[in-house]
Amino acid sequence: MRQIWPEPGPELDHAQLEDLYTYPAADRRWLAVNFVSSADGAVEAGGTARALSNPPDRAVLQLGSDLADVVLVGATTAMVEGFRGVHPSAETLEIRRRRGLADIAATAVVTTGSLPGDAPAIAEAATPTFVLTCESAPRARQKAWKETGAEVIVAGEQEVDLAVAVGELVDRGMRRIDCEGGPHLFGALLSAGVVDELRLTVSPLLVSGAASRIAAGTPLDPVDLELASVLAEDGVLLLRYLVGGA
């Protein structure tokens, strides 16, 4: 991958890429949202985002979780994409230990109650998963999450109060937050004012159809973005934006 903005340069090695996609100092919260889209703005093809992904996208997505304290994901995305928590490779363990991180990034799933009690994101995770939910979530479902090994955090009444939920993660030492979708979660995080960075891969594909945009839900006043970096490889663009003055 080569950086083409703000300063064009030679191909980045892994250490340089790691430095570019790292999080700010651990004493502040930083929430980065990752998405891949087609050139015409679709966030899925054939039902999954995986069909739009490519080696450059997977490389930066991997770094997002490698360098994070917690990976945040919506319940629908977790189920559709078959998310089963973080299972670090030897390379990931080396990176995390070198940077003073816990061996395994935790998982946090946002749900109002649709997440099955035995979802792979809980049952197959290598470390206990946080389930971020609300008071209206069925008590039986909350009990099932706990019995499968999750720590359940209740924030909000009918909907998950994401400002409170993110604060609860931070209180537990989870300051570097890597969000991996989906669009409704991104839209809700924007509404809550807790997004610091958008990491967007634009794949050189056109898919048409009725696929969602990267952010969905309640309309917002336009949120300012500041372009931080642009990388390119094999026609793929990898963009980093700071959100709302972050």
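For the protein chain, an unreviewed UniProt entry supplies the name Dihydrofolate reductase family protein and the organism Saccharopolyspora griseoalba.

K.L.:
Give me the lowdown on the overall build of the protein chain, citing residues and values where you can.
P.N.:
The helix and strand inventory of the protein chain stands at eight helices and ten strands. For a compact globule of 246 residues, the expected C-alpha radius of gyration is about 18 Å, and the protein chain comes in at 17 Å, within 12% of that figure. Seen through its principal axes, the protein chain has C-alpha atoms that stretch 55 × 45 × 35 Å. A burial count over the protein chain gives 47% of its 246 residues as buried. Sequence separation of at least 24 residues holds for 70% of the intrachain contacts in the protein chain that already meet a minimum separation of 6. Each charge class in the protein chain was averaged separately, 20 positive and 34 negative side chains, and the resulting centres sit 5 Å apart.

K.L.:
Before we move on, could you go through the pattern of salt bridges and cite the residues and values that matter?
P.N.:
Following the criterion strictly, the structure yields 16 salt bridges and no others. With a shortest N-O distance of 2.7 Å, Arg172 and Glu168 are connected by a salt bridge. Taking the relative accessible area as the measure of exposure, Glu168 reaches 27% and is therefore partly exposed. One connected set of salt bridges, linked through shared partners, spans Glu18, Asp19, Glu94, Arg98 and Arg99.

K.L.:
For the nonpolar core, give the residues involved together with the corresponding values.
P.N.:
Where a protein is soluble and globular, its nonpolar side chains tend to be buried together. With 37 residues, the main nonpolar core has Leu31, Leu72, Leu132 and Leu189 as its most contacted residues. Per element, the largest residue contribution to this core is five residues, and it comes from helix H7 (residues 162-171).

K.L.:
Could you give an account of the packing of aromatic side chains, naming the residues involved and the relevant values?
P.N.:
This model, assessed by the stated rule, comprises one aromatic pair. Here Arg240 stacks its cationic end above the ring of Tyr21, 5.8 Å away from the centre of that ring.

Calculation notes
Residues numbered from 1 in each chain as written. Predicted model: local features only at pLDDT ≥ 70, side-chain atom pairs only at ≥ 80, totals over all residues. Heavy atoms only, no water. Helix = DSSP H or I, 4+ residues; strand = E, 2+ residues; numbered from the N terminus. Rg over C-alpha atoms; globule rule 2.2 N^0.38 Å. Buried < 20%, exposed > 50% of the residue type's maximum accessible area, 1.4 Å probe, protein only. Contact = heavy atoms within 4.5 Å. Lys, Arg positive; Asp, Glu negative; His and termini not counted. Charge placed at Lys NZ, Arg CZ, Asp CG, Glu CD. Salt bridge = Lys/Arg side-chain N within 4 Å of Asp/Glu carboxyl O. Core = buried A, V, L, I, M, F, W, Y, C linked by side-chain atoms within 4.5 Å. Phe/Tyr/Trp six-rings, centres within 6.5 Å; stacked < 30°, edge-to-face > 60°. Lys NZ or Arg CZ within 6 Å of the ring centre and 35° of its normal.

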